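# Descriptive analysis of the structure
This is what each chain is made of:
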Amino acid sequence: MITAVDHVLLAAPPGSEDRLRAYYVGVLGMTEIPKPPALAVRGGCWFAAGDVILHLGVEAGFRPPRKAHPGLRVRGIDAYAARLAECGVPVVRDDGLPGYRRFYSEDPVGNRLEFLEPG
């Protein structure tokens, strides 16, 4: 029986860790989680906000997915979208999901992210 999602892994190109930290911590407001030493040698970084955990793993030949993405639930979606836009991050609103307000964006390496709020 599945009881929860432990984490979501997104790929990133080698050497992108500083850009990822600047975005996931500085823009999204997440906290970096130290990787265990045995995994840290592989590169990448891990981030958390409440129960949400994202792992960014290094992948040689990385190409960002065009459609696949995590859906991240937020509170105060308009303020959150404004914060991203002020940081120069693209915000693409989408009203196609009944019962939710949402927008899409992408991290600095091109991973697609969906931000949504019920209502």
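A few points on the structure. (Residues numbered from 1 in each chain as written. Predicted model: local features only at pLDDT ≥ 70, side-chain atom pairs only at ≥ 80, totals over all residues. Heavy atoms only, no water.)

Attention shifts here to the environment of A22. Following the sequence through the fold, A22 ends up in helix α1 (residues 17-27). Along the primary structure A22 and A82 are separated by 60 residues, whereas in three dimensions their C-alpha atoms are 17 Å apart. (Helix = DSSP H or I, 4+ residues; strand = E, 2+ residues; numbered from the N terminus.)

So, on to the nonpolar core. Core analysis: the biggest nonpolar cluster contains 25 residues, and L20, Y23, Y24, L28, L84 and F115 have the highest contact counts within it. Breaking this core down by element, the ones donating at least two residues are β1 (8-12), α1, β3 (45-49), β4 (52-58), α3 (77-86) and β8 (112-118). (Core = buried A, V, L, I, M, F, W, Y, C linked by side-chain atoms within 4.5 Å. Buried < 20%, exposed > 50% of the residue type's maximum accessible area, 1.4 Å probe, protein only.)

Spatially, β5-β8-β7-β6 is the arrangement adopted by the four strands of the open sheet, whose pairing is mixed. Either end of the sheet is taken by a strand with one partner, and the two such strands are β5 (71-73) and β6 (92-94). Pairs of neighbouring strands in the sheet enclose a mean axial angle of 30°, with direction left out of account. Of the strand pairs in this sheet, β5 and β8 are connected by three bridges, and their pairing is parallel. Opposite R73, over in β8, you have L116 as the bridge partner. Running over the sheet, α3 touches β6, β7 (100-106) and β8 and is turned about 15° from β7. (Pairing = 2+ DSSP bridges. Axes fitted to C-alpha atoms, helices over the stretch in contact; angles between N-to-C directions. Contact = heavy atoms within 4.5 Å.)

Moving on, we get to the sheet that holds β1. Strand pairing within a sheet occurs via backbone hydrogen bonds; the two strands may be parallel or antiparallel. An order of β1-β4-β3-β2 is seen for the four strands of this open sheet, with the pairing classed as mixed. Since the sheet does not close on itself, it has two edges, and those belong to β1 and β2 (31-33), each with one partner. Shown here is a sheet whose adjacent strand axes are inclined to one another by a mean of 30°, direction ignored. Relative to β4, β3 is paired through five bridges, and the arrangement is antiparallel. Each residue of the ladder has a partner; that of A49, found in β4, is V52. Relative to the sheet, α1 contacts β1, β2, β3 and β4, its axis offset from that of β3 by approximately 0°.

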